[in-house]
Amino acid sequence: MGNTSSMLTQYDIEEVQEHCSHTFSQQEIVSLYQRFCQLDRSGGGFISSEEFMSVPEFAVNPLSQRLLRMLDGLNFKEFVAFLSAFSPRATLQQKIEFIFRVYDSDGNGRVAMNDMLEVLRDLTGQYISEQQREQVLTQVLEEAGYTKDSSLVLSDFMKILGNSDLKMEVEVPVD
């Protein structure tokens, strides 16, 4: 699987399915592999941040720079695991874990007010002021039982988002 010029074997497909908790069918994994090979222009078995930025939908995403920190240098198995949060078969927990990783940009297992403000800045740009962002975030935290000084861990995200109906789905075209 390291060399993108090789074909996936049935064993590879099953291994990738297992790695991503069966969030993709075998056909979807084959389609994802074809897309991975298209993106891996160097043929080294990994996708660089430059190669990811060649996807127009990704390049215009307001969180693209934040996501690139999670993506740069992924091999195929890691690529599928990353995308598995967007599968309709992904559990709510898998989706929340993904969101937590987006917010936890330094990877310390905690999300502070500053981390949340950075994401909000990325999402809102110049459309709302810094003061408005802080007010919105403070209110959301307080409604969830936290303060602006709280440092949230994954279980806090589970508590806050656990009853939501998160829609983070991407359709994988199957030839």
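All values reported here derive from a predicted model rather than from experimental measurement. Every chain is numbered independently, its residues counted from 1 as its sequence is written. Reporting in this predicted model follows two pLDDT cut-offs: at least 70 for local features of residues, and 80 or more for side-chain atom pairs to be given and counted; totals over whole chains, interfaces and linings ignore these cut-offs and use all residues. With hydrogens and water set aside, each side-chain value is computed from the structure's full complement of heavy atoms.

Undergrad: Would you mind going over the nonpolar core in detail, with residue names and values included?
TA: Counting 28 residues, the largest nonpolar core has Leu-67, Phe-76, Phe-79 and Val-80 as its most contacted members. Strands here are runs of E lasting at least two residues and helices are runs of H or I lasting at least four, both read from the DSSP assignment and numbered beginning at the N terminus. Of all elements in the fold, only α1 (10-19), α2 (26-39), α5 (64-71), α6 (76-83) and α7 (92-103) reach the threshold of two or more residues within this core. For this core, the element with the most residues is α2, which contributes five residues. With residues up to four places along the chain from it excluded, the contact list for Leu-67 reads Phe-58, Asn-61, Phe-82, Phe-98 and Val-102. In this structure, Ile-99, Phe-100, Val-111 and Leu-141 belong to the second largest nonpolar core, which totals twelve residues. Definition of nonpolar core: a set of buried residues of the types Ala, Val, Leu, Ile, Met, Phe, Trp, Tyr and Cys, connected through side-chain atoms within 4.5 Å. Only protein chains enter the accessibility calculation, which uses a 1.4 Å probe; a residue whose area is less than 20% of its type maximum is buried, one above 50% is exposed, and one in between is partly exposed. Residues count as neighbours in contact if any of their non-hydrogen atoms are within 4.5 Å of one another.

Undergrad: Describe the environment of His-19, naming the residues involved and giving the relevant values.
TA: Structurally, the position occupied by His-19 is in helix α1. Classification of His-19 by relative accessible area gives partly exposed; the value is 42%. Sequence separation between His-19 and Glu-134 is 115 residues, and the spatial gap between their C-alpha atoms is 38 Å. Not counting chain neighbours up to four residues away, the residues in contact with His-19 comprise Lys-77 and Ala-81.

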